[in-house]
Structure formats: structure tokens, C-alpha cells
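One-letter residues, chain by chain:
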Amino acid sequence: MCPTFQHTESNSTRSASEASVLLRARKLDYVGLQQIQVIVNQQLQQQYELAESENCSLPLLELLETPQRFIALLQNGLFFAADLLPTATTAATETVSSPRLIQLLQPLANLKLTGMPGACFDPARNLIWVYGRIRDQRGRGQHLLGYDLDALLKGDREADHSQPQPALKYSIAIPYDEVDELSPEEASLTLRSDGKLALYARNDKGRFADRRQGLLLIDPDADQDSACRYLPCPFKPVPDDISIKPALFYSASTKQVFTPAADGVEITEHNGESLYSFALTAIDLEAAESEIESEKHTSWSQTVRRMTGGQIAEQDDAENITEVLNNIAEGNIRSSESDEWQDYLTTLSSVFVDSRVLVDSGICADRTDTSDQLIWLAWHDGCIRALKRNPTNGQVQLSSLARLQSFSDKAVQPYFMNLSGGFTPVQIKGLSTTDNLRQLHLRLGDDEMGQDFYADLSALMDPQGQLQLFDAEQALNDTEAGITLPCSPYSAEPVQIDPTRQAVPSVTGRIQIETTDLDTNPGRLDALQQVLTLMPEIGQQLSHRQQPLYFAFADVMGCEQSEAQFFPYAVLAKNTDDEQPTEGFRLLLEIVRRYTDIVKVLPGAASDETASDETAIAAQGAPLRDGVITLSEHAEALPVVAQYFNTLPVEEALVDAFHISRTLPVIRELHADTAALTDFLAQLPWPYNDSSFSKPEHDPYDDWGYED
């Protein structure tokens, strides 16, 4: 198992060369199917649900130019494709002329993969390469599998992989590395320009002398015996092969892997204080074989910062970590102290490779070489630095060490508390250049609860607007980050959606809501207002009470939230600090009221035609249930909640266990011995008014695991 592997660019978006068509993957935790959005000129043109994609990651999402279509591969081996402008032959269940925005897409083929495979597309050979294992081939280990795209597009869903397959053109068994016991990281599968494939690999040895990392190089056109070569890197990997924090950073655009260097620690003294060297290792997956064999340019390691104990961790932890670092510097490296060393190495929270070059005002183009490539680094204490390395002579230049600066917006100040005592991850999401103003797009915090900002890089530029770079040793003397980078809220417009199509639930009941920022009051209120505005049109689409319906919330930052994640925070959203009740509460209450008014006049779901909907609603849960339990804390909401319960089925098989096990006990506890509770219970039908009635909830963790 390799450390947490972080892509320096998003692997969930793909864009066409004209930059007018964008593919974006969306997936909620434990709710619904994997989604693929087709965005044309900031308009959500179509959204596809990939059938049978529950709890599945997406190793491959590729936009093809001729004809313009996307292809996608799930980790379980299901293969999908759809034309961006669907025709009568599209694999989708409906054509683009349908009013339904979200269409269910059926798989064309089943490759029957298991585990966490890596995948990439080879346009020259018209192949999909997969590094992984076929589910039905037990005990045969990992393989590099090459599938012909044209054969997959013809459809072979029920392929029997015990027999030769028309689509499977390559099957190369990956031998075990007897020497260093390197284990490849599937997600790093990279197609090289010479047609070979490479993966980053490392072992999981605890003893320092035994730790190794390197490359697995595969030549698919060579004989089986000579197709695979493990090539060790001269630098040590991080101590722990499993890490909560990212310890590997992969740049798909430059085909490089970056990782903190773990060969030792150098200590220097400055003004009576110990400074601990922090080095970065880079491994080039694209390096020529002759360079790999001679270990020339294949990988390099460079000190990029010197840190004080206070920059590494807070006081008590810093004392423990620096004690371990002192031991390491003296050559006393113990596997029992790996956790502290790992904590130090993972203070580096982001690596971003600027693989584009400014060719005109505000216009960027892909670089043709890496000679002027900039590598931006961010640490958990809010410090930023850029690195530039000459690939010919290995000379390294560094920018000044800069620190992110807070600003006065009360809504975002808490995310900068780390700059005055605590620590939080800093992710570099991108670099923008407009009107000669260069800014880094940053996220402070994790993907679920972070905030996005722009950091103005002007303080790092010379009078001509070029980044100032210095000799590495000179730049490393700057340990206090005297330069500050002003930060401002990141802003971007959400994609536009035709509300008429948006209001039509998908086959599984999903309605997509897109807003600016789900972590802010304006973004949450905007999302609630969208739901409320759509309610009349949604009512026109519902044919019976048991029709599946749920809302999926997403923003331009890449955050995705289910109703369970969204409603508890949205109900607190307010326009002003002293607003009571909050605007969020008012909007959510009105949403539940409108929904109740709509469905109470609809028929039940007793007919054969709606049997599948009954099953879906029982598995998925009653619509708006997380909004209802959020409102249930407020006595003034109980009359509306009571009306809602009167629209729910009373057949025991269809009763939502969530309401029985959670919502109703919450109401009984919070409003005990009140007239509001008495009136509420008097309005409920059985079994909702019966405190002795019970029904166990389904645990989503029970669904974890993979078929073998």
C-alpha cells in the first residue's frame, strides 16, 4: 500500500482543446450514482448517471475529439461512453431532446476488475490501458491490460474473461520484485511519449536501510519475460507507506511524482535556534531509459526550506518531533520513531506544477519543455515558495518564502487562525493570470470543510512582473517568511442550468443544485432558494407519493454535499448576524411545506408500475428526511413536520427507518412535556405516533468491500 496519493491537477475534469467543453465528475458519499457533467460554455448541457456505480471511484474519464465523446471506466470494470451530442445510437437511455437533464447511462462492457485499478488512454494505439486484476482470475496477480476502444464501443458487457476476448489485446503479468519488493501505485499509471508505461513504486519496509522507491517500466511490445523492469530510485521514500496526509504528489501534465525526501535530516543553527532542512524528491516517469539506468535526471532531491520547531508543530508535539529529528541527524534512525518523522515530512501539504507558460497578456499555453517549469510548494503553516530547476545542469533557484496574509472578512477569518498558532492544510488548486496580475488559487482546510482564496503574488515579482528567483542557498537563509501575500475570497460563477430541465428528477430521483460556495451563507441561501423555486415545477413531474427524490448540492470549488451534509448548516445561514429566525430556517421550512402540499394530493404507489419506485424509496429513504430532522429541533416547525409525516407510507415495509430511529426520538426528547409535542403526536398516523414501534436502519458501511 502506497501513501496517500494526491494529483497536483484535478483528475475529475477533462476539457476539449477549444476550452469550451468541459467534463466534470460528481459523486456524493454513500448517496446515488457516479455523475458525469457535460458543460458547454458554462452551461450544464447534460448530466449522466453511470448505472451500477454505487461506491465506485472513476479511474478513467477521457474526452475524445473525433467524434466528440467521453469514455469512462469505473473501478469495478464497467465501461461507459456517450457522444456529447447524442444520436439515435447513443448508449444513453434517452436522447438529448428529452427534458430530463440527468440521464441514466448503461455500461457498454464489463471488464470485471477488482481492487483499485489505474487506467489511462493511449490515442496512438486506440487502447485503454488498465493496471489491475481481473475479478475472475484468482491468484494471478496484477496485470497490465490493454483494451481496444473500438471493440469496447461495440459492447461486450457480459464478457466471460475465462475465454479470449476481442477487446483484450494485451495482458502482461507483472512479476514480483524479488530485489527491493517494490509495489506499484496503481493511480500513477502513466503513458510515456515512447509508448511505454510507467508507475511509481515503493516497498513497505519499516527498517530505514530496507526502504526503497522507484519505477516500474513496462514495454507492452516486448516479450513477456523482458516487458517489465523495476528501476530503483537512489532516494528513500517517506517512512510510512500508509499516510492520512498526502505524501505523494503526481503531476499528470509533466509526468512527475514528488515526495518529501526522507534520506536524513540536516540541522543548521541560526541566531541560536536549530533549523531543520526540508527536502523535496522528484521522480520523472518520462525519463529516457538510458538516463534511468544511469540514475541521471531520473530523480533529484533538493532542500527547499529550513524550518524551526515552531513551524513544524505546536509546542508539545514540536518537542517530540524535533527530538526525533535530532536523532536522525546524528544517524540514529529508529523505526519506532517513524510516526514523528512522517509528521514532519507531511508538513508539506501541496505541490503544484505550473506546466503552462504566459505567451501573451492573460493567455497561457502548454510548455514544450520543462526548462522554465515552476513548482509551487505549500506548507501547513501557510507558507508558499516556488522552485525552478534547470534539467540540463541541475541548478535550482527558489523564490522568497512567503506567508499568506489574513483579511478582514469575518466569514473567512477563522480559516486563517492557523497563521497565529495552529496548522491546517494549504492546497494549491491553480494559477491564474489576468491583466498581468498573477494569483494562486488556494484551498485552506480539507476538501469538505475548507475555504478557497486567491493569493496575490505581486510581492514576489520584480518591477517587470517576473517572479524573482534566487540561488537556492541564498533563499534558504530566509526562514521567517518576511513577505506576505494578500488573500481575497475566491469567486467564480457556477454553471448555468435550464430550470425546466433541472426540475425533472433523474430515474433514481436526483436533482442537481449548483451554487458558488457551499461553505458560505450566500452560497447556502442561494442553493435553498433554487430548491424552493424549483418546487412547483418538480410537483409537475411527480406522479405519486413514493417517487424517488433527492437533491445533490455542488459548488464551483469542487465541494459536493448530500442533503445530510447540507441541511444542518444551511438552516443556520443568515443574511445578517442578528437575524432570527435565520433565512436558512425560513427557506427550508417553506421547502418542506411546498413539498408536503404537492405530494399530499398525489396517489400512493400501490400499482405494479411503481413497484420499483417503492423499492427505491425504501432503500434511499423518504424525500427531504434530513431537512425534516433539521427542522424538528424547532417547535414552530412541528406543524409542518406533522403534515409531512402524513404524506409518508404507513405500510411497515415502506416505513423509513431513519424517521423511526432518529427523527421521532429527537422530537420526543427535545420537546418532551410540551403542548407542541402533544399536538404533534395527535396529528400522526400509525406507526409514527407509536413510540414502541421500531425498525433497524441500514448501515452503508455494510456495503463496503469488493467482489473477488
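For every chain, the first residue of the written sequence is number 1, and numbering continues from 1 onward in sequence order. Since the coordinates come from a predicted model, pLDDT governs what is reported: local features require at least 70, and pairs of side-chain atoms require 80 or more to be given and counted, while whole-chain, interface and lining totals use all residues. Based on all heavy atoms of the structure, the side-chain values leave hydrogens and waters out of the count.

S.K.: Tell me what's going on with the nonpolar core, and back it up with residues and numbers.
M.R.: We call a set of buried residues a nonpolar core when its members are Ala, Val, Leu, Ile, Met, Phe, Trp, Tyr or Cys and they connect through side-chain atoms within 4.5 Å of each other. Accessibility here uses a 1.4 Å probe with only protein chains present; expressed as a share of the type maximum, an area under 20% marks a residue as buried, one over 50% as exposed, and anything in between as partly exposed. With 53 residues, the main nonpolar core has Phe551, Phe553, Phe645 and Phe680 as its most contacted residues. For this core, the element with the highest residue contribution is helix α10 (residues 583-599), accounting for 9 residues. Discounting chain neighbours no more than four positions away, the residues touching phenylalanine 680 are Leu638, Val641, Ala642, Phe645, Leu664 and Ile667. Here a helix means four or more residues in a row that DSSP labels H or I, a strand means two or more in a row labelled E, and each is numbered from the N terminus. A contact between two residues is defined here by any heavy atoms of the two lying within 4.5 Å.

S.K.: An account of helix α5 (residues 338-345) is requested, with residue identities and associated values reported.
M.R.: In an α-helix, one full turn covers 3.6 residues, which means residues spaced three or four apart are oriented alike. Those residues of α5 lying buried are Ser338, Trp341, Gln342, Tyr344 and Leu345. The arc that holds the buried residues of α5, viewed along the axis, is 160°, so those residues lie on one side. The inward-facing, buried residues of α5 abut β21 (256-260), β23 (273-284), β24 (299-307), α3 (309-312), α4 (315-329) and β25 (348-354). It is the directions from the helix axis to the C-beta atoms that the arc portrays.

S.K.: Now, about unusual backbone geometry: what can you tell me, with residues and values included?
M.R.: With omega at -10°, the peptide bond leading from glutamine 580 into proline 581 counts as cis. Looking at where proline 581 falls in the secondary structure, it is placed in the loop between α9 (563-570) and α10. Although it is not a glycine, aspartate 673 adopts a positive phi angle of roughly 60°. Considering the arrangement of structural elements, one finds aspartate 673 in the loop between α14 (657-670) and α15 (675-682). Residue aspartate 673 is classed as exposed on the basis of its relative accessible area, which comes to 82%.

S.K.: Please provide a residue-by-residue account of the side chain of threonine 515, values included.
M.R.: Note on placement: threonine 515 falls in strand β37 (residues 510-515). Of the polar contacts made by the side chain of threonine 515, one reaches the backbone oxygen of glycine 523; its length is 3.3 Å. N or O atoms closer than or at 3.5 Å make up a polar contact, with two conditions inside protein: a donor-capable atom paired with an acceptor-capable one, and, for residues adjacent in sequence, both atoms drawn from side chains.

S.K.: Explain the packing of aromatic side chains residue by residue, including any values.
M.R.: The pairing test for Phe, Tyr and Trp rings, Trp by its six-membered ring, is centres within 6.5 Å, and the orientation test on the planes gives stacked under 30 degrees, edge-to-face over 60, and tilted for anything in between. Throughout the structure, instances matching the rule amount to 14 aromatic pairs. Aromatic side chains phenylalanine 645 and phenylalanine 680 sit 6.2 Å apart centroid to centroid with 80° between the ring planes, which places their arrangement in the edge-to-face category. Of this pair, phenylalanine 645 sits in helix α13 (residues 638-645) while phenylalanine 680 sits in helix α15, and the two are 35 residues apart along the sequence. There is no split in this pair, since phenylalanine 645 and phenylalanine 680 are both buried. Taken together, the ring pairs connect Tyr595, Tyr644, Phe645, Phe680 and Tyr688 into an aromatic cluster. A cation over an aromatic ring shows up here: lysine 236 above the ring of phenylalanine 208, its NZ or CZ 5.2 Å from the ring centre. Should the NZ of a Lys or the CZ of an Arg lie within 6 Å of a ring centre and within 35 degrees of the ring normal, that charge is described as sitting over the ring. Seen from the ring of tryptophan 379, arginine 305 lies directly overhead, with NZ or CZ sitting 5.0 Å from the centre.

S.K.: Residue-level account of the sheet that holds strand β39 (residues 560-561), with values.
M.R.: A strand pair is defined by DSSP finding two or more bridges across the two strands. Here we have 3 strands laid out as an open sheet, ordered β37-β38-β39, and mixed in their pairing. Two strands close off the open sheet at either side, each with one partner strand: β37 and β39. Only C-alpha atoms enter the line fits that serve as axes; for helices the fit covers just the stretch in contact. Angles between N-to-C directions range over 0 to 180 degrees. Along the sheet, helix α8 (residues 521-541) contacts β37 and β38 (550-555); its crossing angle with β37, the most-contacted strand, is approximately 140°. Along the sheet, α9 contacts β38 and β39; its crossing angle with β38, the most-contacted strand, is approximately 75°.

S.K.: Quick one: what's the story with the confidence of the model for the protein, residue by residue and with numbers?
M.R.: Averaged over all residues, the pLDDT of the protein equals 85, while 82% of them reach at least 70. You can read pLDDT as the predictor saying how much it trusts each residue, on a scale of 0 to 100. Taking the mean pLDDT of every element in the protein, the minimum, 38, falls on strand β27 (residues 363-366) and the maximum, 98, on α13. Low pLDDT, under 50, characterises residues 87-97; the predicted model gives this stretch 18 contacts beyond four residues in sequence or across chains. Throughout residues 407-421 the model reports pLDDT below 50, and contacts reaching past four residues in sequence, or to other chains, amount to 35 contacts.

S.K.: Would you mind going over the pairing of β37 in detail, with residue names and values included?
M.R.: Across the 6 residues that make up β37, a large majority, 6, are buried. Of the two faces of β37, the one holding Arg510, Gln512 and Glu514 and the one holding Ile511, Ile513 and Thr515 are both buried throughout. Sheet topology note: the β37/β38 ladder contains 6 bridges and is parallel. Looking at β38, one finds that arginine 510 is bridged to tyrosine 550. In this region the chain leaves β37, passes through α8 and returns to the parallel neighbour β38; the handedness of that crossover is right-handed. Viewed with both strands pointing away, a crossover whose connecting path from the first strand over the helix to the second turns clockwise is right-handed.

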